[in-house]
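Secondary and tertiary structure notes
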Amino acid sequence: MLRLLFSSWGAEWGSAALVFAVGALIGRCAAQGMNAVQWAGALVAILGSITVAVAVRVWPNEPSQAKLDRDD
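Residues numbered from 1 in each chain as written. Predicted model: local features only at pLDDT ≥ 70, side-chain atom pairs only at ≥ 80, totals over all residues. Heavy atoms only, no water.

1. Things to note about the confidence of the model for the chain
Scored by pLDDT, the chain comes out at a mean of 84, with 81% of its residues at no less than 70. Of all secondary-structure elements in the chain, the lowest mean pLDDT belongs to helix α1 (residues 2-5), at 67, while helix α3 (residues 36-58) reaches the highest, 92. (pLDDT = per-residue confidence, 0-100. Helix = DSSP H or I, 4+ residues; strand = E, 2+ residues; numbered from the N terminus.)

Structure representation (structure tokens):
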């Protein structure tokens, strides 16, 4: 169960659900009325969730092996 949750598939769908949930929550609050500070916080929340979604999709799946340039 946890392997599926922490896999790349789970991370991609989880980040997409995060973007959807943040957008829905902000849309609901915007319909009720928000002041300028709340709009700024909403913008930061949207940009943060989109950043998570992009980072999940761009991040490499396998760790790369660094080559050491050693002179022994």
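2. Describing the environment of Thr 51
On the secondary structure map, Thr 51 appears in helix α3. For the pair Thr 51 and Ser 15, spaced 36 residues apart in sequence, the C-alpha to C-alpha distance is 9.4 Å. Within the local environment of Thr 51, its side chain forms a polar contact with the backbone oxygen of Leu 47, the two atoms lying 2.6 Å apart. (Polar contact = N/O pair within 3.5 Å; in protein donor to acceptor, adjacent residues only side chain to side chain.)

3. Topic: the packing of helix α2 (residues 8-32) against α3
One can describe the packing of α2 onto α3 by two numbers: an axis separation of 8 Å at closest approach and a directional angle of 165°. One way to sum up the angle between α2 and α3 is to call them roughly antiparallel. As for how α2 packs across α3, the hand of that crossing is left-handed. Contact residues: α2 offers Ala 11, Glu 12, Ser 15, Ala 16, Leu 18, Val 19, Val 22, Ile 26 and Ala 30, while α3 offers Trp 39, Ala 42, Ala 45, Ile 46, Ser 49, Ile 50, Val 52, Ala 53, Val 56 and Arg 57. Here the contact of α2 with α3 is built from residues that sort into 15 nonpolar, 2 polar and 2 charged. (Axes fitted to C-alpha atoms, helices over the stretch in contact; angles between N-to-C directions. Parallel < 35°, antiparallel > 145°, perpendicular 65-115°, else oblique. Left-handed = near helix turned anticlockwise from the far one by under 90°. Contact = heavy atoms within 4.5 Å. Nonpolar A, V, L, I, M, F, W, Y, C, P; charged D, E, K, R; others polar.)

4. A closer look at the side chain of Ser 49
Along the chain, the position of Ser 49 falls in helix α3. Overall, Ser 49 belongs to the buried group, its relative accessible area being 4%. One polar contact links the side chain of Ser 49 to the main-chain carbonyl oxygen of Ile 46, over a distance of 2.9 Å. Residues contacting Ser 49, with those up to four places away along its chain left out, are Leu 18, Val 19 and Val 22. (Buried < 20%, exposed > 50% of the residue type's maximum accessible area, 1.4 Å probe, protein only.)

5. Topic: the environment of Trp 13
Looking at where Trp 13 falls in the secondary structure, it is placed in helix α2. Between the alpha carbons of Trp 13 and Ala 53 there is a distance of 9.0 Å; along the sequence they are 40 residues apart.

6. Overview of α2
In a regular helix each residue adds 1.5 Å, so 25 residues correspond to 36 Å; α2 covers 36 Å between its end C-alpha atoms and thus fits that length. Listing the buried residues of α2 in full gives Gly 10, Ser 15, Val 22 and Ile 26. Downstream of α2 by a residue or two, Gly 33 has a phi angle that is positive, lying close to 105°. (Expected span 1.5 Å × (residues − 1).)

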